[in-house]
Amino acid sequence: MNTESRPRGYLRRVIGSLRGTLSLGWIALVVIGSFLAPWLAPHDPLEQDIDHAYAMPSGTYWAGTDSLGRDILSRIMHGGSVSLLGAGEALLVAVAIGVPLGMLAGYRGGVVDAVLSRIAEVVMSLPVIVILLAVVAVYGRAFTITMGALGVILSASFIRLARATTEGKRNELYVDAARVSGLGHLRIAVRHVLPNITAPLLIQSTLALSSALLIQAGLGFLGLGPEPPAPSWGSGIADAAKYVNRDGWLMVPTGAVLILTVLAFNSLGDALRDATAHAAPSVERRRRVTSSGGTRSDPGHLLDVDGLRVEYPGRRIIDEVTLHVEAGEVLALVGESGSGKTQTAFSILGLLAPGGRITAGGIHFDGSDLLALPDKKLAALRGTRMAYIPQEPMSNLDPCFTIGSQMIEPLVVNLRIGRAEARRRALALLARVGINEPERVFRSYPHEISGGMAQRVLIARAVSCEPSLLIADEPTTALDVTVQAEVLDLLRDLQRERRMGIILVTHDFGVVADIADRVAVMRNGRLVEEGPVGEIFASPSHPYTKMLLDSSLEGREPRKELRHV
Amino acid sequence: MLTIIGKRILVVVPMLWAIATIAFYLVNLIPGSPGRTILGDAASQQQVDALNHQLGYDRPLLVQYGDWLAGAVRGDFGDSLQSGRSAVGDVTARLPITLSVAIAATVISVVVGVLVGVAAANGGRWLDRSLQAASSVAMAVPSFWLGVLLVFVFALGLKWLPAVGYVPFTEDPGEWLRSIALPSVSVAMIGTATVSRQTRAALIHELGQDYIRTLYATGVPTRSIVLKHALRNASTPIATTVGFQFIGLLGSTVIVEQVFGINGLGQLVLGAVTSKDLPLLLTVIVLTTGLVIAVNLIVDLLTVWLNPKARRA
């Protein structure tokens, strides 16, 4: 990571975003208006014009006047500097205390860390307003002291932030390298850790500023801000509240400025976060198809994929893939990682990741054109007519529900049977896939069973509604070697027993030889070769297939790119 | 689960002690003396000294601290200087009022926040953007300003709800609900926006997980996948956020009580500040902090319970 160019590009991205520009613009306007109020404000904030009390906005009084006929705009401008300075002071105190202590805790670890973290925890559970009220009781309305106290309370979140960031960076190689090269602790911290916590620190700072503004306005509203008649935003709102009966407009100008300023700081924080790599995720719907029609399908086939093309924004993942599966037949889909096997499988299921879509070709299953099918109809086929077995069993079970409840739900939904009947069937299925204590596994959570057992559960669930097509994506790869053979045997038995068509995604020709009827070989998103297992093994026509075969027979996984073929 | 509860409580005790100690010394920085506070400016210094001696306020601070702490452990926080009654009694008399608003606001922020978050995560890009923008604005609106606005519209304008006052639940549940409706909504706004953002982010994260795709492949309907599976898995970060919100929510309640003329903890503590009622202020600090810690403890345990892995550990 280039620490020199990164912060500059980062800030440019923030300023370049619409949100960043608007927020910074408003903040700049408020800062200028507030600090130059003595010169810019149209009126004396204390000058009363009783004849023009409760005036609406006009050429003379841009934002109207309050209950004593004072110019509201001038009062907002003069009150602004107090508010901003107070918030700034709280932030400075919070950063000055929190960052060094947090870095110390993160860098030293051990007892220092334990003590400081505990202190931060204590401070974070203090009721802020009540504590500040106590501070006011002690020191009176000395605003600097109140805001300093607020800074001390806010420092806890900076301790946490700096601690977490420093701890994360501490173990990184370059910090170690710096330590070896003889730099002192302080210089390591300053030179290596500080640039890395700049971004999270800026984000946290904007949040601290906005909460300081809100808390401070709250104190002003309670009458504990600067001594009247000096203007402040909080007391402006309190005044307005008192006379809201008479003039509702009073609520608007001061409230709007406060709200917009807090909003600007929050949005600046969002813009800062979006500019980092850890941008908040955005919502995107799955849209699977943009093309359909004019493709071939053979009525004798269970599944026909014809000229399939899949694209993600800016990338073509699959192109011109044509294959078919007959009822009761096992088709092995072979190729190295990234060859498009899994994406082909997801295309058939209609479960491409958001952003991915089928832009050409067609998929026919059991007589219906899957790409022309509405989402609801396609969803109705999943689980009942076609099912899926994933590669990694543990991450494919919902960690929050028992195995039993996850087995029962599809049965109840797809077969419209009662829960008792579903439970009976689920237990029978668990027994069928070779689980010795179905009752116990049924009651277990996913983390309480082994990977091999979890894969059996997923297989049991996949076949539970008697699908005619099963798509298994490397179902044995994540398992121990001994378990692999068992699971493969199970799949073969189930396939024969239920006459299922299977697409078996794999990179292992040993598995292919064991179970498949035909093989389709994929590479870089395209189909390279296709044919009966015997033929392919005996005389592979494509050099890439040969390569895969050879490396499989040597017992190695053909993971690396084979560009020279 | 029981050992977890035990461990957490063991952590809470020293925390409470630390806070009680800080609060005691902070409050004792208040200028003047309790004797002066009780007798007022008219009394002579001798009278004040005599009263301070009688009440034990002339002893060394450390002795007073030990004495106070010994009492506090037994639930006796001394007497309010103003009312002369037990400070704990004064606080607990007001607590149901403030808690009514704070709890109602928590309920609103959880229910509405989760609903909005679910809608944002599943309603498509435009609904998401609009709700995100709305929650940004909601997070910037001070509760007391919103309170005044709500009074202006719903009490003074439409006359649907009372502008001021609090009716105890035991007196008339219907009126109680009407009396806390506007204050609770004012207090709940920022929390609702925060919870909705957290819900949205957590849901989007969960919906991208492998188990969700595999569930889709089993034919389970989207409604169940989002509302049962994804939301259940997202509930831990949501619960944590609700816990974090509670402090701010309690602070907002103290302020908003002033808008609605509700005689809760807010007025009690403001009175204690202006009259320098040291024991009362101390009691409020310790008890409200205890309340915050208790809420966080409950949230902690809830997150343990929500996570099957931790629950059975």
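Residues numbered from 1 in each chain as written. Chains lettered and ligands numbered in written order. Predicted model: local features only at pLDDT ≥ 70, side-chain atom pairs only at ≥ 80, totals over all residues. Heavy atoms only, no water.

Taking an unreviewed UniProt entry as the reference, chain B is identified by name as ABC transporter permease belonging to Actinomadura fibrosa. According to its UniProt record, chain B has this under Subcellular location (unreviewed entry): "Cell membrane". (UniProt positions renumbered as here; feature names shortened; annotations may be inferred.)

Under an unreviewed UniProt entry, the name given to chain A is Dipeptide/oligopeptide/nickel ABC transporter permease/ATP-binding protein, and the organism recorded is Actinomadura fibrosa.

Helix and strand counts for chain A come out as 21 helices and 10 strands. Taken over 565 residues, chain A has a buried fraction of 54%. In chain A, once contacts between residues fewer than 6 apart in sequence are set aside, the share between residues at least 24 apart is 70%. Accessible surface computed for chain A: about 24,500 Å², of which carbon and sulfur atoms make up 57%. (Helix = DSSP H or I, 4+ residues; strand = E, 2+ residues; numbered from the N terminus. Buried < 20%, exposed > 50% of the residue type's maximum accessible area, 1.4 Å probe, protein only. Contact = heavy atoms within 4.5 Å. Areas by Shrake-Rupley, 256 points an atom, 1.4 Å probe, with all protein chains shown as cover.)

Contact with chain B, which involves 71 residues of that partner, is made by 69 residues of chain A. Of the roughly 6,100 Å² buried between chain B and chain A, counting both surfaces, carbon and sulfur atoms make up 72%. Area buried by chain B at its contact with chain A is led by B:F144, B:W145 and B:R213, which between them contribute 10% of it. Per-element tally for the side of chain B that touches chain A: the top contributor is helix α10 (residues 222-259) of chain B, with 12 residues. Residues that form the side of chain B that touches chain A fall into these classes: 44 nonpolar, 15 polar and 12 charged. (Buried area = accessible area lost by both parts, 1.4 Å probe. Nonpolar A, V, L, I, M, F, W, Y, C, P; charged D, E, K, R; others polar.)

Residue and element names in this part refer to chain A. Taken together, the side chains of I97, L101, L104, V112 and V152 make up a nonpolar region of the molecular surface, amounting to roughly 320 Å² of accessible area. If one sorts the elements of the nonpolar patch by residue count, helix α4 (residues 72-108) sits on top with three residues. I97 gets classed as partly exposed once you look at its relative accessible area, which sits at 31%. (Patch = residues over 30% accessible without salt bridge, like charges linked within 9 Å, V, L, I, M, F, W, Y side chains within 5 Å. Salt bridge = Lys/Arg side-chain N within 4 Å of Asp/Glu carboxyl O.)

Glancing now at the nonpolar core. Residues A:L133, A:L150, A:F221, B:W68, B:F144 and B:L281 are the most contacted members of the largest nonpolar core, which totals 145 residues. The element best represented in this core is helix α12 (residues 278-306) of chain B, accounting for 16 residues. The residues touching A:F221, leaving out its near neighbours within four places in the chain, are A:G234, A:S235, A:I237, A:A238, A:A241, B:F144, B:V148, B:I255 and B:V259. Within the second largest apolar cluster, 55 residues are counted, among which are A:I318, A:I348, A:L352 and A:I471. (Core = buried A, V, L, I, M, F, W, Y, C linked by side-chain atoms within 4.5 Å.)

In this section: the sheet that holds strand β4 (residues 357-365) of chain A. Residue and element names in this part refer to chain A. Strand order in this open sheet of four strands is β2-β1-β4-β5, and the pairing throughout is antiparallel. One side of each edge strand has no neighbouring strand; the edge strands of this open sheet are β2 (315-325) and β5 (368-369). In terms of strand pairing, strand β1 (residues 303-312) meets β2 through seven bridges, oriented antiparallel. Within β2, the position partnered with L303 by the bridge is V325. Each of β1, β2 and β4 touches helix α12 (residues 341-349); the most contacted strand, β1, lies at about 110° to it. (Pairing = 2+ DSSP bridges. Axes fitted to C-alpha atoms, helices over the stretch in contact; angles between N-to-C directions.)

What follows concerns the UniProt feature "transmembrane region" (unreviewed entry) in chain B. All names here are of chain B. Per the UniProt record, the feature "transmembrane region" (unreviewed entry) sits at residues 9-27, 97-121, 133-156, 176-195, 238-260 and 280-306. End-to-end, the C-alpha atoms of residues 97-121 are 36 Å apart, and along that stretch the chain is 100% helix and 0% strand. Strand forms 0% of residues 176-195 and helix 100%; the C-alpha atoms that close the span are 26 Å apart.

To continue, consider unusual backbone geometry. Negative phi is the rule for most residues except glycine; trans is the rule for most peptide bonds. Residues and elements named next belong to chain A. A positive phi is found at E474, a non-glycine position, where the angle reads about 45°. Positionally, E474 belongs in the loop between β7 (469-473) and α18 (481-498). Of note, N524 is a non-glycine position whose phi angle comes to about 50°, a positive value. Position of N524 among the secondary structure elements: in the loop between β9 (518-523) and β10 (526-532).

What follows concerns the packing of helix α2 (residues 18-35) of chain A against α4(A). Residue and element names in this part refer to chain A. The geometry of α2 relative to α4 is characterised by a closest axis approach of 7 Å and an angle of 110° between their N-to-C directions. Overall, the two elements α2 and α4 adopt an arrangement that is roughly perpendicular. Note that α2 runs across α4; the crossing there is left-handed. Here α2 contributes V30, V31, G33, S34 and F35 to the contact with α4, which in turn contributes M77, G80, S81, L84 and L85. Residues of the contact of α2 with α4, tallied by class, amount to six nonpolar, four polar and no charged. (Parallel < 35°, antiparallel > 145°, perpendicular 65-115°, else oblique. Left-handed = near helix turned anticlockwise from the far one by under 90°.)

Okay, the confidence of the model for chain B next. Low-pLDDT portions of the prediction should not be read for the details of their coordinates. Residues and elements named next belong to chain B. Overall, the predicted model of chain B reaches an average pLDDT of 87, with 99% of residues at or above 70. Within chain B, the lowest mean pLDDT, 76, falls on helix α2 (residues 34-39), and the highest, 93, falls on helix α9 (residues 210-217). The ipTM for the predicted assembly is 0.87, set against a pTM of 0.86. (pLDDT = per-residue confidence, 0-100.)

With a relative accessible area of 47%, A:N524 lands in the partly exposed category. For the pair A:N524 and A:R316, spaced 208 residues apart in sequence, the C-alpha to C-alpha distance is 9.9 Å.

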